[in-house]
Amino acid sequence: MRKIRIVVAALLLLGLCGCGKSVDRGWNGLTQTGSMELQYAREFQVDYYEGDYARITIEGDQYLLVPEGKTAPDGVSGDVAVLQQPLDNLYVASSSAMDLFLQSGAIDRVDMTSTSAENWTIPEIQEMVTSDDITYVGKYSAPDYEVVLDEGCGLAVENTMITHSPEVKEKLEQLGIPVLIERSSYEESPLGRVEWIKLYGLLTGTLEEAERFFQKSVQQVQTVEENTANQETEKPTVVFFYFTSSGYANVRTPNDYISQMIDLAGGSYAFSAADLGDQGSRSTINMDLEQFYAAAKDADILIYNSTVEGALS
């Protein structure tokens with residue numbers, strides 16, 4: 001009799017703690033089947049569920065990707081943004097994401113941008129914006145909402161700059177347009193940034209092509225690493241910088257992705273942590289010109305970053 005009581009008690013405990021499959025209803029009533037394998041990216045996560053549904057998590061924000069021909073399950077939490085496939089007429093305000101849409105074969109899904117034609121350096125994108133195949137809708141902080149709405153925008157892809165203009169995100173969502181804030185710039189590894197192509201491939205149904213491009217990129221980097229590891233000559237020192245309008249030299253910190261790319265390519269980034277002092281979590285730092293000159297005057301290669309203040313005259 002005592003053994004029977006013990007078995008019954010154990011079964012009750014399983015039910016109370018949710019360990020039994022009978023009470024495991026999963027996330028929003030969905031049953032998880034797996035997760036996207038990520039090699040380098042740490043700033044997003046994708047979980048797969050029965051019925052080809054997927055949950056995307058980006059710094060606490062959650063999105064439910066609903067496959068074409070299906071609807072979101074009843075009772076989906078109100079703080080979950082629903083992304084209904086097919087996702088067309090995309091507004092990609094994040095310029096860094098645009099090239100990944102191009103490389104994943106999904107550029108035909110992009111209809112709008114917040115970067116004007118003259119400011120694009122990717123020839124294919126510049127041509128598309130010039131010919132109005134991709135419409136320039138104004139700066140990310142002040143888009144033409146009427147155009148965005150008229151184009152039937154299915155998703156707005158913003159970078160974290162949008163957090164400085166929260167009213168824009170709020171307005172887009174009021175218009176029924178889901179907003180995804182990508183955080184690729186926070187990836188520690190350069191290949192972590194590239195791996196965001198998998199997310200865009202998933203959203204647009206071009207995941208296989210996106211994965212092929214990513215693996216090709218990994219192989220290219222590994223080949224360069226092998227070659228530079230075997231180089232017999234001393235690594236050239238490299239400075240990556242620009243002059244600010246207030247008279248400082250802006251440089252990358254040693255842990256920034258560009259500094260890492262210089263090292264991956266066979267160079268040696270000229271500025272050490274000792275040169276720059278306490279950086280916290282910053283990716284760039286301003287140096288006065290005397291300090292900059294003292295550290296940079298003997299560098300072998302100078303790379304001027306013209307994307308912020310423009311090119312030198």
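Quick notes on the rules
For every chain, the first residue of the written sequence is number 1, and numbering continues from 1 onward in sequence order. For a predicted model such as this one, the threshold for reporting local features is a pLDDT of at least 70, and the threshold for listing and counting side-chain atom pairs is 80 or more; totals across whole chains, interfaces and linings nevertheless cover every residue. Excluded from the side-chain calculation are hydrogens and water; included are all heavy atoms of the structure. A run of H or I in DSSP counts as a helix once it spans at least four residues, and a run of E counts as a strand once it spans at least two, with each numbered from the N terminus. With a 1.4 Å probe rolled over the protein chains alone, any residue whose accessible area is under 20% of its type maximum counts as buried; one over 50% counts as exposed, and the rest are partly exposed. Contacts are assigned to residue pairs with any non-hydrogen atoms lying within 4.5 Å of each other. For accessible areas, the Shrake-Rupley method is used with a probe of radius 1.4 Å. Any residue's cover is judged against the shown protein chains and nothing else. In this tally, Lys and Arg are treated as positive and Asp and Glu as negative; His is ignored, and so are the chain termini. Charged side chains are reduced to one point each, which is NZ for Lys, CZ for Arg, CG for Asp and CD for Glu. A residue's pLDDT is the confidence the predictor assigns to it, expressed on a 0 to 100 scale. The aromatic pairing rule takes the rings of Phe, Tyr and Trp, using the six-membered ring of Trp, and pairs them if the centres are within 6.5 Å, calling planes under 30 degrees apart stacked, those over 60 edge-to-face and the rest tilted. Charges are assigned to positions over rings by a cutoff of 6 Å between ring centre and Lys NZ or Arg CZ, combined with an angular limit of 35 degrees from the ring normal. Patch criteria: residues need more than 30% relative accessible area and no salt bridge. Like-charged residues are merged within 9 Å; nonpolar side chains of Val, Leu, Ile, Met, Phe, Trp and Tyr are merged within 5 Å. Salt bridges are counted wherever a side-chain nitrogen of Lys or Arg sits within 4 Å of a carboxyl oxygen of Asp or Glu. Think of it this way: DSSP has to see at least two bridges between two strands before they count as a pair. Here, axes are lines fitted to C-alpha atoms. For helices the fit covers the stretch in contact, and angles between N-to-C directions go from 0 to 180 degrees. By the definition adopted for this analysis, an angle is roughly parallel if under 35 degrees, roughly antiparallel if over 145, roughly perpendicular if from 65 to 115, and oblique otherwise. If you view the pair so one helix is near and one far, a crossing is left-handed when the near helix is turned anticlockwise from the far one by less than a right angle, and right-handed when it is turned clockwise. Residue polarity is assigned by list, with Asp, Glu, Lys and Arg as charged and Ala, Val, Leu, Ile, Met, Phe, Trp, Tyr, Cys and Pro as nonpolar; anything else, Gly included, falls into the polar class. Pairs of N or O atoms are called polar contacts if they sit within 3.5 Å, as long as, within protein, a hydrogen donor faces a hydrogen acceptor (for residues adjacent in sequence, only side-chain-to-side-chain pairs).

Here we take up the overall build of the protein. Regarding its fold elements, the protein presents eleven helices and 15 strands. Taking the principal axes of its C-alpha atoms as reference, the protein extends roughly 85 × 55 × 35 Å. Of all 313 residues assigned to the protein, the portion counted as buried reaches 42%. Counting only contacts in the protein whose residues sit at least 6 apart along the sequence, the fraction spanning at least 24 positions is 52%. When the accessible surface of the protein is split by element, carbon and sulfur atoms take 49% of a total near 17500 Å². Of the charged side chains in the protein, 21 are positive and 48 negative, and the gap between their average positions amounts to 14 Å.

Attention now goes to the confidence of the model for the protein. Residue-level pLDDT values for the protein average 88, and 91% of them are 70 or greater. Contacts from residues 1–24, a stretch scored under 50 in pLDDT, to residues over four places away or in other chains number four contacts.

What the rule picks out here adds up to twelve aromatic pairs. Aromatic side chains Phe 241 and Tyr 304 sit 5.2 Å apart centroid to centroid with 85 degrees between the ring planes, which places their arrangement in the edge-to-face category. Residue Phe 241 is found in strand β11 (residues 237–243), and its partner Tyr 304 is found in strand β15 (residues 301–304); the two are separated by 63 residues along the sequence. The exposure class assigned to Tyr 304 is partly exposed, which follows from its relative accessible area of 22%. One aromatic cluster in this structure is built from Phe 241, Phe 243, Tyr 269, Phe 271, Phe 292 and Tyr 304. Across from the ring centre of Tyr 186, 4.0 Å away, lies the NZ or CZ of Arg 183, which sits over that ring.

For the rest of this paragraph, the subject is a nonpolar patch on the surface. Taken together, the side chains of Phe 243, Leu 289 and Leu 312 define a hydrophobic patch exposed on the protein surface, amounting to about 260 Å² of accessible area. Inspection of the secondary structure assignment puts Phe 243 in strand β11.

This part is about the sheet that holds strand β6 (residues 90–92). Within the open sheet, the five strands sit side by side as β8-β7-β6-β9-β10. Their pairing is parallel. Here the strands that pair on one side only, and so sit at the sheet edges, are β8 (135–136) and β10 (179–181). With two bridges connecting them, β6 and strand β9 (residues 156–158) associate as parallel partners. Among the inter-strand pairings, Val 92 is bridged to a residue of β9, identified as Val 157.

What follows deals with the packing of helix α2 (residues 95–103) against helix α7 (residues 197–204). Packing of α2 against α7 leaves a shortest axis separation of 9 Å and a crossing angle of 60 degrees. One finds that α2 runs oblique with respect to α7. As α2 runs across α7, the sense of the crossing is right-handed. On the side of α2, the interface is formed by Ala 97, Leu 100, Phe 101 and Gln 103, while α7 contributes Ile 197, Tyr 200 and Thr 204.

Read from one edge of the open sheet, five strands run β1-β2-β3-β4-β5, paired in mixed fashion. Edge positions in the sheet fall to β1 (32–35) and β5 (80–84), since each of these pairs with one other strand and no more. Going across the sheet, the axis of each strand differs from the next one's by a mean of 25 degrees, ignoring polarity. Pairing geometry for strand β3 (residues 53–58) and strand β4 (residues 61–66), over five bridges, is antiparallel. The partner of Thr 57 across the bridge, within β4, is Gln 62. Against the sheet, α7 contacts β2 (45–49), β3, β4 and β5, and its axis sits at roughly 145 degrees relative to β3.

Orientation of α7 relative to helix α8 (residues 207–229), taken along the N-to-C sense of each, is 165 degrees, at an axis distance of 7 Å. Taken together, the axes of α7 and α8 lie roughly antiparallel to each other. For the element pair α7 and α8, the recorded crossing hand is right-handed. In contact with Ile 197, Lys 198, Gly 201 and Leu 202 of α7, α8 contributes Leu 207, Ala 210, Glu 211, Phe 213 and Phe 214. The residue inventory of the contact of α7 with α8, partitioned by class, reads six nonpolar, one polar and two charged.

Before going further, it helps to spend a moment on the environment of Thr 163. Positionally, Thr 163 belongs in the loop between β9 and α5 (166–174). Along the sequence, Thr 163 and Ile 181 sit 18 residues apart, while their C-alpha atoms lie 9.0 Å from each other. Among the polar contacts made by the side chain of Thr 163, one reaches the main-chain carbonyl oxygen of Thr 160 at a distance of 2.6 Å.

Once that is clear, we can look at a negative patch on the surface. A cluster of acidic residues, Glu 124, Glu 127, Asp 132 and Asp 133, forms a negative patch on the protein surface. The residue Glu 124 is located in helix α3 (residues 123–130) in this model. When its relative accessible area of 43% is taken as the criterion, Glu 124 is described as partly exposed.

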